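If you want the building blocks of each chain, they are given just below.
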Amino acid sequence: MQKRGILLVTGIMSISIILTGCFEGEQSLEDKMDPPQGAEEVDNLDNSKSGDKAANEKAKTDEEEGTAEETVKRQLFLIDANGMVAPQTLEIPKDDSMEVAAQALQYLVKDGPVQDILPNGFQAVLPAGTEVLGLDLEDNGTLVVDVSKEFENYKAEKELKILQAMTYTLTQFDSVNKIKLQINGYPQDEMPVNGTPIGNGYSRTNGINLTETDTVDLIDSKAVTMYYPTEYNDTNYFVPVTQHIKADGEEVYDSIIQALVNGPGYDVNAKQVFNSDVALAAEPTLNSGVLELVFNKEILKDADKTTISDDVMETLVRTLTEQKDVKAVNVKVENVEKLFNENGKEYTEPVTREMVTNTEKL
């Protein structure tokens, strides 16, 4: 196995990266990123939808003044005004001297470089002064994150949010399945303040913004992460919520759809975008990573124009592509030949997560 070492320039953090592992057939953490294909299918999503409105306005001003610097889009999991962990896609300076995962972590630190581009109501999650001392990618997809002692300076009630934000930010990268923690080089089996177990690694299967329900038997259920649209002032974004649903084998997709139609619940500050009469008109089918869903006409926002709400489509795609084998979603409506987004563009191919989030794949 080949090892590569990168010594990074000292800035807000001192970062020494050691990546090990093979990335054949997938994008490594060091690869340059290309923009997603087919994004024109949902180009009606405005900048505030993906959380980069403030950054784009600043970039526009800089360009007008002739001082624009090259930027890239990064998805970061931050804390919103309701205390929920939520993804935001921000324009940050392109830094060829810094490995992309390390830069993503750098932009999670309070009072760090993210401070001037935080969307309205959002805050960074890692304690101020935290330095990333190293990243080590193991063969099994575990990314070992070594941080400085400043990482321990948080309150117990913030612990899960910190762990979830780090996990979801880093597991966006193709090669990363889960994360483990070191502090000043010493392995941690649990988080340092409230003792949340980390063990052999923390992954997306542990959930995010966990909610409890009295109507589902936890023993016979499956934990699924749903994405619900919400807004704060002028910022529109999606909040991921892990909840338990009744699921048995291939019926998991039916259960997810029903949970989305039922809505986020009273304890989640999010919008209900589905008509209560929305239902599947046929059993979902999964072929080569594409999940086909056939709905009744109640899913249409405008039946005359056969338009599907952008929030409905994004909710479906974000939620269902969290499932391991689903790479894209092909939405159909019974007795309807063509479907359009809110900008009047026809959906001519299955929709991927990259297409609805309007961001580069990390």
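Just above, that's the structure.
Not measured: the values here are computed from a predicted model.

A. Up close: the overall build of the protein chain. A count of helical and extended segments in the protein chain gives 6 helices and 15 strands. Buried residues in the protein chain amount to 51% of all 362 residues. Residue pairs at least 24 apart in sequence account for 65% of intrachain contacts in the protein chain once pairs closer than 6 positions are excluded. When the accessible surface of the protein chain is totalled, it reaches about 17300 Å², and 42% of it is carbon and sulfur.

B. Summary view of unusual backbone geometry. In this model, Asp111 sits at a positive phi of 65°, which is unusual for a non-glycine residue. Its place among the elements puts Asp111 in the loop between α2 (100-106) and β5 (132-137). Residue class for Asp111 comes out exposed when judged on its relative accessible area of 61%. Even without glycine at this site, Asn335 takes up a positive phi of about 65°. Counting through the fold element by element, Asn335 comes out in the loop between β14 (328-333) and β15 (351-352). According to the relative accessible area criterion, Asn335 is exposed, its value standing at 72%.

C. A look at the environment of Thr319. When you line up the elements, Thr319 lands in helix α5 (residues 310-320). Overall, Thr319 belongs to the buried group, its relative accessible area being 0%. Each C-alpha atom of the pair Thr319 and Pro240 lies 8.3 Å from the other, and the pair is 79 residues apart in sequence. For Thr319, the contacting residues outside a window of four places in its chain are Thr225, Met226, Tyr227, Ile256 and Leu260. A polar contact of 2.9 Å, which involves the side chain of Thr319, links it to the backbone oxygen of Thr315.

D. Layout of the pattern of salt bridges. Per the stated rule, a full pass over the model turns up 8 salt bridges. When the shortest N-O distance is used, the salt bridge between Lys332 and Glu292 registers 3.4 Å. Of this pair, Lys332 sits in strand β14 while Glu292 sits in strand β13 (residues 290-295), and the two are 40 residues apart along the sequence. The partner of Glu322 in a salt bridge is Arg353, and the shortest N-O contact between them spans 3.1 Å. Here the residue Glu322 occupies a position in the loop between α5 and β14, and Arg353 occupies one in helix α6 (residues 353-357), the gap between them amounting to 31 residues. We classify Arg353 as buried; its relative accessible area is 17%.

E. Structural detail: α5. Most of α5 sits inside the fold, with 11 of its 11 residues counted as buried. Within α5 the residues assigned to the buried category are Asp310, Asp311, Val312, Met313, Glu314, Thr315, Leu316, Val317, Arg318, Thr319 and Leu320.

F. Main features of the pairing of strand β7 (residues 178-183). Bridging between strand β6 (residues 142-147) and β7 involves 6 bridges; their strand directions are parallel. Its bridge partner lying in β7, Leu143 is registered against Ile179. Following the chain from β6 across helix α3 (residues 159-170) to the adjacent parallel β7, one finds a crossover that is right-handed. As paired elements, β7 and strand β9 (residues 202-203) share 2 bridges and run antiparallel to each other. Looking at the pairing, Ile179 lines up with Tyr202 of β9. Direction of pairing for β7 relative to strand β8 (residues 186-188): antiparallel, over a ladder of 3 bridges. The residue bridging Gln182 from the neighbouring strand is Pro187, located in β8. The antiparallel hairpin formed by β7 and β8 contains 2 residues in its connecting segment, where Asn184 sits at a positive phi of about 50°.

G. How the structure looks around helix α4 (residues 252-262). Taking burial as the measure, the 11 residues of α4 include 8 buried ones, the bulk of the element. Those residues of α4 that sit buried are Val252, Tyr253, Ser255, Ile256, Ile257, Ala259, Leu260 and Val261. For α4, the elements touching its buried residues are β10 (221-232), β11 (235-246), β12 (285-287), β13 and α5. Phi for Gly263, located one or two positions after α4, is positive at around 100°.

Conventions and cut-offs
- Residues numbered from 1 in each chain as written.
- Predicted model: local features only at pLDDT ≥ 70, side-chain atom pairs only at ≥ 80, totals over all residues.
- Heavy atoms only, no water.
- Helix = DSSP H or I, 4+ residues; strand = E, 2+ residues; numbered from the N terminus.
- Buried < 20%, exposed > 50% of the residue type's maximum accessible area, 1.4 Å probe, protein only.
- Contact = heavy atoms within 4.5 Å.
- Areas by Shrake-Rupley, 256 points an atom, 1.4 Å probe, with all protein chains shown as cover.
- Polar contact = N/O pair within 3.5 Å; in protein donor to acceptor, adjacent residues only side chain to side chain.
- Salt bridge = Lys/Arg side-chain N within 4 Å of Asp/Glu carboxyl O.
- Pairing = 2+ DSSP bridges.
- Right-handed = clockwise from strand over helix to strand, strands pointing away.

So, to be careful, I would describe these as geometric facts and stop short of saying anything about function.
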